[in-house]
Each structure stands twice: as C-alpha cells, then as structure tokens.
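Working through the structure, step by step
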Amino acid sequence: MGLESDPPGLNTTPPLRFGVLALGTFWPRWQVEALRELIESGGGVIDALIMDPEWKKTKRDSDQLDVLPFRIWGALMVKPRVRAWELVDASPLVRDAQVIEVRAQRRGRWTDVLLPEDVERVRALGLDALIRYGFAILRGPILRAARYGIWSYHHDDERVYRGSPPAFWAQYQGDPTPGVTLQRLTSRLDGGIVLRRGHVLSAPTYAQTLDRIFGLGTPWLAAEARRIRCGDTSLVDGKPSASDAPVYHPPGAATMGKFVVRQVGRRLSKQLSRATSHDRWMIATAPVGPREFFSLDDKEPTCFAPPADWTRAPSDARYFADPFVEEGPAGRRVLFEDYDYRRGFGLIGAIDLDESGKMIGSPVEVYRHRKYLSYPSVFVHEGEHYCVPESAAIGRQLVLVREGSTYREARGFDLPCLIDPTLFHHEGRVWLFGSRVSRANWELLGYYAENMKGPWVSHPLNPLFAHPRGARCGGPVFRVDDRLFRPAQDGTATYGGALVLREIMQLTPTAFREVERKRVLPRSDGPVPHGLHHVAFSRGLAVFDGKCSGLSHRTPELRTRNWVQRRFRTPDR
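Predicted model, so just to flag it, every value in this text is computed and none were measured.

Points about the overall build of the chain
The secondary structure content of the chain amounts to 10 helices and 37 strands. Its C-alpha atoms give the chain a radius of gyration of 26 Å, near enough to 25 Å, the size a compact globule of 573 residues would have. Projecting the C-alpha coordinates of the chain onto the three principal axes gives extents of approximately 80 × 55 × 50 Å. With 573 residues in all, the chain has 55% of them scored as buried. Here the analysis covers contacts within the chain between residues at least 6 apart in sequence; of these, 64% occur between residues at least 24 apart. Here the chain displays about 25100 Å² of accessible surface, and carbon together with sulfur accounts for 51% of that area. Computed over 80 positive and 67 negative side-chain charges, the separation of the two mean positions in the chain equals 5 Å.

Following this line, the structure appears as structure tokens:
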C-alpha cells in the first residue's frame with residue numbers, strides 16, 4: 001500500500017523518551033504490542049527500564065476467601081482464553097534501555113512509594129514520560145519524575161467504574177459499552193489526567209470483552225506521543241478527572257453466582273433471537289435537506305427521521321441498505337448495497353430518481369464481485385465519478401470508475417482498505433475516513449492525500465475516535481454553511497440502531513476534534529422501527545435506510561443457506 005506513517009513536519013521533532021516501570025521483561029501481549037507500536041510509529045523510544053527485583057504482590061488475607069470462586073473461575077475459564085494476557089518476551093524492545101533497579105515501599109495494602117534516592121536517579125534521566133506496566137498504585141514524588149508524568153491504563157471508564165477487576169462490573173451490570181482510559185497518574189485512585197478514553201461493544205463472554213478492551217488501547221501510547229510531537233500538550237497538562245464513581249473490588253461468591261446466571265441468560269436469549277429473526281433493511285427518500293433531517297435549528301439532543309417514501313426489497317430474503325446519491329448525465333439515481341441472504345453476499349445496485357426525488361422503476365445491478373460488497377461511497381474527483389465500496393472481504397480497497405450506466409474497476413489506486421470508506425475534500429486535500437475490520441463498530445481512522453492516487457498518510461492521532469456511538473461512518477461527510485458534519489452510526493443498543501451527527505470542529509494533518517450534535521431515531525410507528533444507520537443528501541433530498549427486525553419462519557433456512565454459500569461458493573468472477 002502507498003501509505004506513509006508520518007505527516008510532513010512530524011519528523012522535525014525527536015521521538016519522546018520513555019521509561020517503563022515493569023516487573024521483569026515478560027509482559028502481557030497487549031503491553032508488548034502497545035510498546036511496539038509506540039516505537040515503530042516513531043512516537044517514542046524506550047531509554048530506561050525501571051524494576052524492583054524484590055517486588056511482591058500483597059498477600060491475600062483471610063477476608064479474601066469469599067472471592068475464591070472468582071479467582072478459580074478467572075484462572076481456569078478466563079485467563080487461558082484471553083489472548084491479550086499471554087506472556088510475551090519484551091527483551092527485543094528494551095534491549096537498549098538502561099536498567100534502573102529501585103525499591104518500592106508498601107504503604108497500606110495497595111500503594112507503592114519509591115525511595116527518594118531512587119526517584120532522583122529516575123529524574124536525572126530527563127525522560128519525557130514513564131509508562132506504568134508494573135508495581136501497585138504509585139504515589140509520591142515519582143509521579144513528577146518525568147516531564148509528562150506517568151502514563152497508565154485503567155481498563156474501564158473511570159467516570160463509572162473505578163477499582164477492579166477490568167470490565168467485570170460493566171459486564172455484570174449489562175453495560176453495552178465497557179470503556180478504557182489512558183491517564184496521567186495523580187495521587188487519586190483512577191482520578192488521573194485523562195489522555196484518551198474509548199469504548200467497545202460488550203462481547204458475549206467476559207474473556208472476549210477483555211480482548212476487545214485491551215486491544216482497543218494498544219495504539220494510544222503512540223497516538224498520544226505523536227500528539228505531543230505535533231506540539232499539542234493540552235491533554236497531558238490538563239485537569240484531573242473529577243470522577244466520584246464507586247471503587248469496585250473483586251466479586252464475592254454470591255455475586256459470581258448471579259453473574260454466571262446472567263451471562264447464560266444473555267447468551268441463550270441472543271442465540272434464540274438469531275435463530276428466529278433477521279434484519280431487513282429498506283431505503284427511502286424524503287424531500288428535506290440536512291438542516292431539516294437533523295433538526296439542526298432545534299436544541300433538543302434527539303429527533304426522529306422524517307416521513308419518507310420507502311422502497312422494499314423483493315422478498316424478506318433480501319435487503320437494500322447504504323444508499324448514496326449519484327449525479328449523472330441522465331439525472332440522479334441511488335446506489336446501494338443489494339444483499340441476498342440466499343447468495344450470502346452483497347452487490348452494488350441502483351434505482352433511478354425522478355425530478356421530485358422519488359425512486360422510480362426497478363433496481364438494477366451496476367457492479368458485482370464474487371465476494372461481499374457494500375457501502376458504495378460515491379465520490380467525484382478531478383471530473384471523474386468514482387465509487388469506493390466497502391470491499392474488506394476482497395482483502396484490498398476496490399476503486400470503481402463510472403462507465404456509462406455501470407462501473408468498472410479502476411487501476412493505479414492504493415487506498416487503505418477500510419470498513420465503510422468515506423471520501424471527501426477538505427482544504428485542498430482528499431480525506432478518507434473509515435474503520436479497520438476487527439474494530440469496525442467502535443473505532444474511526446483517518447487518512448489524507450493530495451489526490452486519490454496518494455500516497456496516503458495516516459493521521460498521527462489515529463484512532464481519531466473510539467466509541468460504538470459515533471465511530472463508524474454512516475454516510476458522506478457534508479457541509480451546512482461553513483460547518484462540516486459527519487453522519488455516524490450508533491450501535492450501542494443494536495447494530496444500526498440510530499444515527500448520530502458529529503460536527504468536525506478541527507481537521508488538519510496534525511489535529512482532529514469533533515463533537516456530537518444530534519441523535520436521530522427511527523419512527524416507532526413506521527415500517528422500519530428498529531434501526532437507522534445511513535444518510536446522504538443531494539439538492540434538497542435525503543436518502544437513508546432503516547431496519548425492521550422480527551420473527552420469520554424463513555430465518556433458519558436463510559441462515560443455513562448463507563453459511564453454506566459463504567464457505568462453499570464457487571467463484572463466478
């Protein structure tokens with residue numbers, strides 16, 4: 001791929017110098033991956049490894065016997081299934097680091113304080129920041145021994161859950177979006193200066209959720225180091241979190257019993273729903289612009305989709321979704337994903353619009369591949385009409401160019417392969433937003449180039465945003481007056497449950513900031529009451545999609561045929 005890792009000008013500032021507070025050199029995989037990304041991205045170098053060879057965990061007292069079921073369950077059922085916790089030798093990453101042996105003094109049961117002379121040895125190194133991978137809760141002068149303090153992960157949203165175990169209490173309470181926080185430590189437990197906060201979708205099992213949240217934070221050390229290299233220290237020098245959330249501890253036996261019952265109930269309910277119902281998407285047009293669709297003049301945080309003219313797919317085994325408006329010599333038409341459960345893959349379809357914006361005639365096929373295509377992102381660049389569909393199933397980003405009423409594959413393009421790729425022009429550059437396959441529903445990435453052929457530059461703050469409510473793109477970026485907006489999906493309750501509108505306040509090769517302005521819900525009394533996840537606009541017209549989910553006697557048949565097609569389909573192209 002023609003992809004550059006650094007924006008112009010970033011190379012003029014040296015990488016940050018880090019020290020790692022650790023216990024030995026065998027660390028969990030997620031810690032090693034975070035450090036590797038920090039080094040390979042050019043964000044920082046590891047100059048010191050700070051260890052206490054005599055450090056020991058606090059002995060568990062007799063009052064910890066109640067948590068024995070949790071400990072046994074964790075050791076036998078959770079830890080072996082969490083890939084992020086596999087121990088990996090980090091020696092190759094820290095082979096050039098100076099080893100500083102210190103001695104931590106235990107204060108109470110959970111706090112470590114380093115000796116004054118050890119703190120001075122660390123301070124004398126002149127490091128930019130320390131990374132906490134070991135020790136207990138650190139307090140005292142060591143918090144100020146590096147220019148930007150000690151950076152540490154808290155694998156929860158500290159505004160809701162402080163303490164431990166990571167993500168357990170979110171899973172126990174059925175929180176659909178457990179969080180992760182990277183903070184600069186202060187003397188207050190889980191009350192540090194927040195450098196970055198993100199969320200994932202809760203997985204069916206606790207082990208799967210842990211892999212998600214530990215994986216989410218791995219790029220953050222690199223991203224925050226690059227932020228500082230770009231000259232932005234506003235976060236690292238910001239105000240500490242004022243969270244007064246309760247401090248949690250490992251669960252007792254009774255709580256563990258409730259947790260297991262809840263987990264089994266949730267999994268059975270999900271499996272039953274999957275076996276008896278499936279989603280059916282439809283597309284619609286409405287004679288409104290973005291200001292009316294999102295009720296921008298209304299200060300209420302939520303609104304409802306406008307009344308619309310809906311087009312149903314020919315059967316409940318087929319759906320239409322992800323509509324984009326294409327302007328052509330013969331007028332306007334809608335490009336969309338045409339998915340058939342029986343085939344097990346989607347193609348790009350089209351339907352014409354009349355002068356008033358209503359869909360007319362029957363859908364036609366404009367491009368097919370033997371593998372799944374969706375999200376036919378329409379983009380006009382230098383006079384050419386392109387379609388850049390989601391093509392992750394192919395393993396590369398497909399770029400199509402219009403040829404008459406159909407499309408053909410264009411050569412010479414090397415765009416990053418993303419989920420829901422969204423192209424737009426901004427301040428003389430071509431920008432590309434989207435998500436990586438493994439984190440499609442909760443992580444936003446950004447790239448830019450001087451033209452579509454690249455080279456494409458990864459934004460230094462990638463991932464730009466991480467939350468199931470608003471990370472995944474939900475249609476083309478658009479402008480209202482001088483304001484830039486990005487429609488996005490809200491998948492917190494269900495996939496494609498609602499739309500959110502996020503305003504891009506700042507977008508440059510070294511900075512990014514956006515805020516949520518509105519949330520749009522489907523109409524409960526309409527034909528698609530269960531979801532809304534895409535919208536596009538064209539000259540006073542809105543095209544969008546909606547979801548209807550319900551029981552169907554055909555669901556078992558369709559899911560079986562889908563499974564067979566995906567695994568045994570003979571290539572037809």
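Let's talk about the sheet that holds strand E4 (residues 44–51)
Pairing within the open sheet is mixed, and its seven strands lie in the order E6-E4-E2-E9-E11-E13-E14. In the strand order of this sheet, the two ends are held by strand E6 (98–101) and strand E14 (193–199), each with one partner. Across the sheet, the mean angle from the axis of one strand to that of its neighbour is 25°, orientation sign disregarded. In this structure, strand E11 (residues 150–154) lies alongside strand E13 (residues 179–184), joined through four bridges in antiparallel fashion. Among the inter-strand pairings, Trp151 is bridged to a residue of E13, identified as Arg184.

Here we look at the environment of Glu384
Within the secondary structure layout, Glu384 lies in strand E24 (residues 384–390). You can call Glu384 partly exposed: its relative accessible area is 38%. Sequence separation between Glu384 and Glu403 is 19 residues; the distance between their C-alpha atoms is 10.0 Å. Setting aside residues no more than four positions away along its own chain, Glu384 makes contact with Phe379 and Val401.

Quick notes on helix H7 (residues 220–229)
A large share of H7 lies buried, amounting to 10 of its 10 residues. Along H7, the positions that sit buried rather than exposed are Trp220, Leu221, Ala222, Ala223, Glu224, Ala225, Arg226, Arg227, Ile228 and Arg229. Phi turns positive one or two residues past the end of H7, at Gly231, with a value near 100°.

Describing the pattern of salt bridges
Counted according to the given criterion, the structure contains 36 salt bridges. The shortest N-O distance in the salt bridge between Glu443 and Arg439 comes to 3.3 Å. Neither Glu443 nor Arg439 differs from the other in exposure class; each is buried. Residues Arg517 and Glu503 are paired through a salt bridge, measuring 2.8 Å at the closest nitrogen-oxygen approach.

Here we look at the packing of aromatic side chains
Inspection of every chain in the model, using the stated rule, returns 39 aromatic pairs. A centroid spacing of 5.0 Å and a plane angle of 20° characterise the contact between Tyr319 and Tyr339, whose relative ring orientation is stacked. In this pair, Tyr319 is assigned in strand E19 (residues 318–328) and Tyr339 in strand E20 (residues 331–340), connecting sequence segments 20 residues apart. Take Tyr319: its relative accessible area is 12%, and that puts it in the buried class. For Tyr339, a relative accessible area of 5% corresponds to the buried category. Between the aromatic rings of Tyr386 and Phe413, the centroid separation amounts to 5.4 Å while the plane-to-plane angle is 70°, which identifies the pairing as edge-to-face. With Tyr386 in strand E24 and Phe413 in the loop between strand E26 (406–409) and strand E27 (419–426), the pair connects residues that are 27 residues apart, well separated along the chain. For the pair Tyr386 and Phe413, one class covers both residues: buried. An aromatic cluster is defined as three or more aromatic residues linked by ring pairs; in this entry it consists of Phe70, Trp73, Tyr161, Phe168, Trp169, Tyr172, Tyr206, Tyr248 and Phe259. Taking NZ or CZ as reference, Arg262 lies 4.2 Å from the ring centre of Tyr172, over its face. Of note, Arg502 hangs over the ring of Phe465, and the distance from its end group to the ring centre comes to 4.0 Å.

Some details on the state of the cysteines
All told, the structure shown has zero disulfides when counted by the stated rule. Counting only cysteine sulfurs, Cys387 is the nearest neighbor of Cys417, a cysteine outside any disulfide, at a range of 14 Å. You can see Cys473 has no disulfide; the closest cysteine sulfur is in Cys417, sitting 14 Å from it. Taking relative accessible area as the criterion, Cys473 reaches 1% and is therefore assigned buried.

With respect to unusual backbone geometry
Residue Pro165 is reached from Ser164 by a cis peptide bond, and omega for that bond is -5°. Following Asn462, the chain continues to Pro463 via a peptide bond in cis, the omega torsion being -5°. The phi dihedral of Ala167 is positive, around 60°, even though this residue is not glycine. Mapped onto the elements, Ala167 comes out in the loop between strand E12 (162–163) and helix H5 (168–172). For Asp420, which is not glycine, the phi dihedral falls at a positive 50°. In this fold, Asp420 is placed in strand E27. Assessed through its relative accessible area of 2%, Asp420 is described here as buried.

So, how was this worked out
Residues numbered from 1 in each chain as written. Predicted model: local features only at pLDDT ≥ 70, side-chain atom pairs only at ≥ 80, totals over all residues. Heavy atoms only, no water. Helix = DSSP H or I, 4+ residues; strand = E, 2+ residues; numbered from the N terminus. Rg over C-alpha atoms; globule rule 2.2 N^0.38 Å. Buried < 20%, exposed > 50% of the residue type's maximum accessible area, 1.4 Å probe, protein only. Contact = heavy atoms within 4.5 Å. Areas by Shrake-Rupley, 256 points an atom, 1.4 Å probe, with all protein chains shown as cover. Lys, Arg positive; Asp, Glu negative; His and termini not counted. Charge placed at Lys NZ, Arg CZ, Asp CG, Glu CD. Pairing = 2+ DSSP bridges. Axes fitted to C-alpha atoms, helices over the stretch in contact; angles between N-to-C directions. Salt bridge = Lys/Arg side-chain N within 4 Å of Asp/Glu carboxyl O. Phe/Tyr/Trp six-rings, centres within 6.5 Å; stacked < 30°, edge-to-face > 60°. Lys NZ or Arg CZ within 6 Å of the ring centre and 35° of its normal. Disulfide = S-S within 2.5 Å.

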